[in-house]
Amino acid sequence: MKKYYLTTPIYYPSDNLHIGHTYTTVAADTLKRFKKLLGYDVFFTTGTDEHGQKIQEKAKENNTTPKAYVDSIVADIKELWKMLEIDYDAFIRSTDPHHERCVQDIFTKLYEKGEIYKSKYKGHYCTPCEAFWSESQLVDGKCPDCGRPTHIAEEEAYFFKLSKYRDRLLKLYEDNPDFIQPESRKNEMINNFLKEGLEDLCVTRTSFDWGIKVPFDEKHVVYVWIDALSCYLTALGYGTDDESNFEKYWPADVHLVGKEIVRFHTIIWPALLMALDIELPKKVFGHGWILFDDDKMSKSKGNIIYPEPIIELYGIDAFKYFLLREFSFGQDGTFTREKFLQRLNSDLANDLGNLVSRTISMVEKYNDGIIPAPGIEEEIDDSLKELAIGVADKVEAFVDKLNFSQAIEEIWKLVRRSNKYVDETMPWILAREGNTERLNTVLYNLSESLRLISILIKPFMDKTSSEIRRQLGLKDEVKWADALTWGLLKPETKTEKGQIIFPRLDIDKELVK
Ligand code: ME8
């Protein structure tokens, strides 16, 4: 069985997670479901990056300890993933004792190998972002990430010899054209960071103590990236007595991340792994940002949309569908409630919902709820069948490129084609004319098309897939290969009329909710 290891970023539990974090996690979850359906043995890691100055300050503001502070946020995050039925295999917390021990071992190993050395760090420090910047990186003298003022800070610190990996990184990108996706991000990394040469990386802090201590020099704590990135290894038990998952699943097949942390994943991470003689991940995909009012949603800016109220009103499937269909995965996109509601109405109520309800109703009305055996064939049937059996391969190819939006669009071509087929064949006229042979073919083809759709949408909309299958009288288990063949639906299957799967919404009324 082929293995597949995928990860989301290890999120900061400085506040509750918003729709942006949900976006990456929903994409990862869908990818996992997809690969599983294709027969892969999949391991999916997510988690929380709990150390650092920001969390320490947050805890202080809330009159509590950092650990108590993150414990409560982590509980909410797990609740959110449960609500969304996120099927992760490991939730790694950077405060997990085995992770902390392993980071100390990694740090010591790198120090002993001469990959880490002690020196002094002076730079422009942005406290909210916990980042040191060089003069050239500042934008108008301010932090390039959040635009706030920085101050000069100096401290004794340990450095990782990142600079020596420049050529090996360039070679890595050249030899593995898929390593950084989308392509544009690779050019950014080369032009903005590697071209002019890399500086060694400061990997410890003494300005706060909420972090993993350097084991041989306890006034230093390991600064965020070695700690956070190592979570991808420790989630697999790396550095523990049981490394079986690490042996089985590493290297990662893909790290899904937002575009702002591609640099850490494609420069620092492979360099660290090279220094540790650990195999490199195969791909890092830096997706775009979900914007709100054309600005990046972020906890520090406070312009945030939380997923829970949307899910409560419209359900998991509508929400997941929207995230993956509306935004092109590599690019930024703006979230508005109008767009969300319009998509619900057009794609889910009018296209899919309508196809399900009219198909099941017609089978009920014209054939007592029994799927008939097809009778007379006509040319028009072929165009539906040909389109239908080609969809699964197209979806697979698009998901492989992490182009979820286009993958869904391919499925919707079949949904829309099937609706058009109803209008073209007009089963109500066939019924009125008593043309049962032809009517049976039309009813069969529509039901069969729905069977294929129920498989194709399974990784994206699990509940909807199950409901369609229930109404079609089919078992909930699906095999991807069954979406490649036309005619597997057995005549005589008894359908079961159910509720409308996506009722049409009155957008004006919804907007005031
Ligand atoms: O960066 N649009 O954690 P973080 C799309 N702890 N995605 C968004 C988003 C938005 N508006 N906002 C956040 C960290 N994300 C580090 C990671 S990994 C070893 C350490 C998603 O809580 C996106 O995946 O700031 C982004 O990269 C991540 O959340 C940042 O999460």
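Note that the structure is predicted; figures quoted are calculated from it, not measured. (Residues numbered from 1 in each chain as written. Predicted model: local features only at pLDDT ≥ 70, side-chain atom pairs only at ≥ 80, totals over all residues.)

With respect to the UniProt feature "binding site: Zn(2+)" (unreviewed entry) in the protein
Mapped onto this numbering, the UniProt entry gives "binding site: Zn(2+)" (unreviewed entry) at Cys126, Cys129, Cys143 and Cys146. For the annotated residues, spread through 21 residues, the largest C-alpha to C-alpha distance comes to 8.8 Å, consistent with a single compact locus. Structurally, Cys126 is set in strand β4 (residues 116–126). Beyond its immediate sequence surroundings of up to four residues, Cys126 is in contact with Ala131, Trp133, Cys143, Asp145, Cys146, Arg148 and Thr150. When you line up the elements, Cys143 lands in the loop between β5 (131–133) and β6 (151–160). Ignoring anything within four residues of it in the chain, the contact list for Cys143 reads Cys126, Cys129, Trp133, Arg148 and Thr150. (UniProt positions renumbered as here; feature names shortened; annotations may be inferred. Helix = DSSP H or I, 4+ residues; strand = E, 2+ residues; numbered from the N terminus. Contact = placed C-beta atoms within 7 Å.)

Observations concerning the packing of helix α11 (residues 307–314) against helix α12 (residues 316–326)
Where α11 contacts α12, the axes come no closer than 7 Å and their chain directions differ by 120 degrees. When the axes of α11 and α12 are compared, the pair comes out oblique. Each of Pro307, Ile310, Ile311 and Tyr314 in α11 lies in contact with α12, whose residues at this interface are Ile316, Ala318 and Phe319. (Axes fitted to C-alpha atoms, helices over the stretch in contact; angles between N-to-C directions. Parallel < 35°, antiparallel > 145°, perpendicular 65-115°, else oblique.)

So, the environment of Tyr421
Mapped onto the secondary structure, Tyr421 falls in helix α15 (residues 404–425). On the neighbour-count criterion, Tyr421 (20 C-beta atoms within 10 Å) is buried. Measuring from C-alpha to C-alpha, the distance between Tyr421 and Glu437 comes to 17 Å, with 16 residues separating the pair along the chain. Those residues within four positions of Tyr421 in sequence are excluded, and the remaining contacts are Leu384, Asn445 and Leu446. (Buried ≥ 20, exposed ≤ 12 C-beta atoms within 10 Å, placed from the backbone.)

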